[in-house]
Amino acid sequence: MSSAATGMELVDLSIRIPLPGTPRRWVYPARDISLPFHAGSITAIVGESGCGKSVLALAAMGLLPAGTQTSGSIFARDIDVLAATESELRNVRGRGVGLIPQSAATHLTPVRTIGSTMAESLAIHGFPARPIDIAHLLRTVELDAETARRYPHEVSGGMAQRVLIALTCALEPTILVADEPTSALDADTAALVRRQLRDQANRGAAVVLITHDLVAARAAADHVAVMYAGQILETGPARVALRAPAHDYTRALLAALPENGLIPPPGTPSSLVDPHPAVCPWHQRVGVSCSAASLSAVGADHLVACDSAARC
Ligand SMILES: [Zn+2]
């Protein structure tokens, strides 16, 4: 780990997953990613759908699909998740690394009440919970105690997401990974999720917010990493990188926001299947020559990839 204040760190991380139905073709959702996630702050990983960012959430939990090959490391709670045994991973998940998934409803057991699922999950992680504790947890996400008696199919997607957040945050994980936690939620629930993430960071957690929504990232994050086709193209303080970006891909993402005229990024997103190692996928997409130079500093804690001439 590079510093005591780093909650999680990706070091030269590359991931390749076999392309289903093909014996020798691979999907590369992460290529040579080195990225710290600081304790006590929120780091957003932003990029278009399909850029590989959700695979990073699975990797941090040690939940990559069978047949996946990796190199590099993911340091979390002083262990390398990629080299850990299944029993070490069980200790890391929950109180070490907590995950708020994209679709909360599918993570609740359909045949059991929400209260019973919550009590069991807390007990597994060493927190025996009484009904009054469950009621208290539900109140932290502005749900009434009656919710504990309901089944997952009886609540909305937003309510299910609130339940999952209450449960994940109750374990006070050292590292909290939230994968598109506010997509498809009403504005009140989205605001509540952002407050919960900030509370967790204030408690000292390293919070990783994975999102395609730059407005959400700008509202919530202290640091940002901009990801494209399995690579980080820009990283830095959110107030710098999302207001005065140094990479043309970040500028293209910002141009797609409603406030900037909804101009979509040019071209079509690059495939993650068997990319050429020496070709920059973003600049290939927009027809600009680039030797795919790795990240270098352009300011304090502000790093940017690609040839300087290409990213103008
Ligand atoms: Zn480039």
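Quick caveat: nothing in here was measured; it's all calculated off a predicted structure.

Novice: Teacher, can you tell me more about the packing of aromatic side chains here?
Specialist: Working definition: an aromatic ring pair is given by the centre-to-centre distance plus the angle between the planes. Scanning all chains against the criterion turns up three aromatic pairs. Measuring from centroid to centroid gives 4.8 Å for Y228 and Y249, while their planes differ by 55 degrees, and the two rings are tilted. Taken together, the residues Y228 in strand 9 (residues 223–228) and Y249 in helix 9 (residues 248–255) connect sequence positions 21 residues apart. Neither residue differs from the other here; Y228 and Y249 are each classed as buried. For the cation-ring pair, R16 lies above W26, with the distance from its terminal atom to the ring centre recorded as 3.8 Å.

Novice: Help me understand the sheet that holds strand 4 (residues 69–76), please; the structure alone is not making it clear to me.
Specialist: Two orientations exist for strands paired in a sheet by backbone hydrogen bonds: parallel and antiparallel. As summarised here, the arrangement of the four strands in space is 2-1-4-5, forming an open sheet in which the pairing is antiparallel. Across the chains shown, the open sheet's two edge strands, defined by having one partner strand only, are strand 2 (26–38) and strand 5 (79–80).

Novice: How should helix 9 be read in this particular structure?
Specialist: Note: α-helices contain 3.6 residues per turn, so residues at a spacing of three or four share the same orientation. Counting buried positions along helix 9 gives six out of eight residues, so the element sits mostly inside the fold. Where helix 9 is buried, its residues contact helix 7 (214–220), strand 9, strand 10 (231–237), helix 8 (238–241) and helix 10 (281–285).

Novice: Help me understand the coordination of the zinc ion in this model?
Specialist: For a metal with four tetrahedral donors the ideal donor-metal-donor angle is 109.5 degrees, while six octahedral donors give ideal angles of 90 or 180 degrees. Distances from the zinc ion to its protein donors, C280 (SG), H283 (ND1), C290 (SG) and C306 (SG), fall within 2.1 to 2.4 Å. Around the zinc ion sit four donor atoms, and with donor-metal-donor angles ranging over 106 to 117 degrees the site reads as tetrahedral. Each donor residue of the zinc ion lies on the same chain, and together they follow the pattern C-x2-H-x6-C-x15-C. Within this pair, whereas C280 is found in the loop between helix 9 and helix 10, its partner C306 is found in the segment after strand 12 (302–304), the two being separated by 26 residues in sequence.

Novice: Sorry, what's going on with the domain arrangement of the protein chain here?
Specialist: In many reports, interface size means the accessible area that the parts give up when they come together. Examined at the domain level, the protein chain breaks down into domain 1 (6–96 + 171–304) and domain 2 (102–170). Each of domain 1 and domain 2 has a C-alpha centre, and these two points are 28 Å apart. The partner domain 2 presents 16 residues to the 20 residues of domain 1 that form the contact. Summing the contributions of domain 1 and of domain 2, the shared interface buries around 1500 Å²; its carbon and sulfur component is 58%. On the domain 1 side of the interface with domain 2, the three residues burying the most area are L171, L192 and Q196, jointly 40% of the side's total. Viewed at the interface, domain 2 and domain 1 are joined by one salt bridge. Between E142 and R195 there is a salt bridge, and its shortest N-O distance comes to 3.1 Å. Scanning the region where domain 1 abuts domain 2 turns up eleven residue pairs in polar contact (both at pLDDT 80 or more). Among the elements of the structure, strand 7 (175–179) and helix 6 (187–202) are those that each provide at least two residues to the side of domain 1 that touches domain 2. If one sorts the elements of the side of domain 1 that touches domain 2 by residue count, helix 6 sits on top with seven residues.

Definitions and cut-offs
- Residues numbered from 1 in each chain as written.
- Predicted model: local features only at pLDDT ≥ 70, side-chain atom pairs only at ≥ 80, totals over all residues.
- Heavy atoms only, no water.
- Phe/Tyr/Trp six-rings, centres within 6.5 Å; stacked < 30°, edge-to-face > 60°.
- Helix = DSSP H or I, 4+ residues; strand = E, 2+ residues; numbered from the N terminus.
- Buried < 20%, exposed > 50% of the residue type's maximum accessible area, 1.4 Å probe, protein only.
- Lys NZ or Arg CZ within 6 Å of the ring centre and 35° of its normal.
- Pairing = 2+ DSSP bridges.
- Contact = heavy atoms within 4.5 Å.
- Donors = N, O, S within 2.8 Å, 3.2 Å for Na, K, Ca; no water.
- Tetrahedral: all angles 85-135°; square planar, octahedral: opposite > 155°, others 65-115°.
- Domains from an automatic or database assignment.
- Buried area = accessible area lost by both parts, 1.4 Å probe.
- Salt bridge = Lys/Arg side-chain N within 4 Å of Asp/Glu carboxyl O.
- Polar contact = N/O pair within 3.5 Å; in protein donor to acceptor, adjacent residues only side chain to side chain.

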